[in-house]
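Spelled out from the first residue to the last, the chains are:
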Amino acid sequence: MTRGERLFNPGNIERGATAWQGMAADQPDSRFIKFASPEFGIRALAKILLTYSKKFKQGTPQDIDTVREIINRWAPPHENDTSAYVHHVAGVLGVGEDAVIDIADPNILEMLVRAIINHENGRVIYSDAEIVAAIDRALA
């Protein structure tokens, strides 16, 4: 199992000041959050992506609404091969790397979440029902 799978954190969300819903009581990794179940980890991943679409408004200098902008924020180039990541995610979504996407659209959000999980872990071990339930909780 990958670290993301072991920690029920398939997006590899780093620890910070946020007390996430569903964080496990034990936090064995000094860098990455452990969640109580995969649903909470996937929900957190979706919540962060939704924050990008709400916090940063389209058409402003701070907007985060293209695959390139989203992945550069999610997986900064100083730690990742961001170009490959952007290319992979854009391919999964079937859009150009600089195409504007609507993260708040549940279908796009689901594809984006799956693509990030796949890139972070090399696979997606979660059922459609698990992913959809987590995204529904993030949208609620």
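Residues numbered from 1 in each chain as written. Predicted model: local features only at pLDDT ≥ 70, side-chain atom pairs only at ≥ 80, totals over all residues. Heavy atoms only, no water.

> Residue-level account of the overall build of the protein, with values.
For the protein, the helix and strand inventory stands at 6 helices and 0 strands. Moving toward the C terminus, one meets the helices and strands of the protein in the order α-α-α-α-α-α. The C-alpha atoms of the protein give 14 Å as radius of gyration, which agrees with the globular expectation for 140 residues (14 Å, within 12%). Counting only C-alpha atoms, the protein reaches 40 × 30 × 30 Å along its principal axes. In the protein, buried positions account for 42% of the 140 residues. If you take every contact in the protein between residues at least 6 apart in sequence, the share linking residues at least 24 apart comes to 54%. Charge-centre separation for the protein: the mean point of 15 positive side chains lies 7 Å from the mean point of 19 negative side chains. (Helix = DSSP H or I, 4+ residues; strand = E, 2+ residues; numbered from the N terminus. Rg over C-alpha atoms; globule rule 2.2 N^0.38 Å. Buried < 20%, exposed > 50% of the residue type's maximum accessible area, 1.4 Å probe, protein only. Contact = heavy atoms within 4.5 Å. Lys, Arg positive; Asp, Glu negative; His and termini not counted. Charge placed at Lys NZ, Arg CZ, Asp CG, Glu CD.)

> Run through helix H4 (residues 82–93), naming residues and quoting values.
Between its first and last C-alpha, H4 extends 16 Å over 12 residues, near the 16 Å set by a 1.5 Å rise per residue. Tucked into the core, H4 has its buried residues touching helix H3 (67–74) and helix H5 (106–121). Looking one or two places after H4, you find Gly94, whose phi comes out positive at around 75°. (Expected span 1.5 Å × (residues − 1).)

> Requested: an account of the pattern of salt bridges, with residues and values cited.
Applying the stated rule across the entire model yields 9 salt bridges. One salt bridge connects Arg123 with Glu5, and the closest N-O pair in it is separated by 2.7 Å. Of this pair, Arg123 sits in the loop between H5 and helix H6 (128–139) while Glu5 sits in helix H1 (residues 3–6); the two residues are 118 residues apart in sequence, bridging distant segments of the chain. The class for Glu5 is buried, based on a relative accessible area of 2%. (Salt bridge = Lys/Arg side-chain N within 4 Å of Asp/Glu carboxyl O.)

> I'd like to hear about the nonpolar core, residue by residue, with values.
Judged by nonpolar contacts, the single largest core of 37 residues is most densely connected at Ile13, Leu49, Ile70, Trp74 and Val113. Looking at this core, the elements that each hand over two or more residues are helix H2 (38–55), H3, H4, H5 and H6. The leading source of residues in this core is H2, at 9 residues. Ile13 has contacts with Trp20, Phe32, Ile33, Phe35, Gly41, Ala44, Leu45, Ile48 and Trp74, leaving out every residue within four places of it along the chain. (Core = buried A, V, L, I, M, F, W, Y, C linked by side-chain atoms within 4.5 Å.)

> Got a sec to walk through the side chain of Asn121? Specific residues and values, please.
Within the element layout of this structure, Asn121 appears in helix H5. Of the residues examined, Asn121 reaches a relative accessible area of 8% and is grouped as buried.

Note that every value here comes from positions in space, so none of it alone points to a role or purpose.
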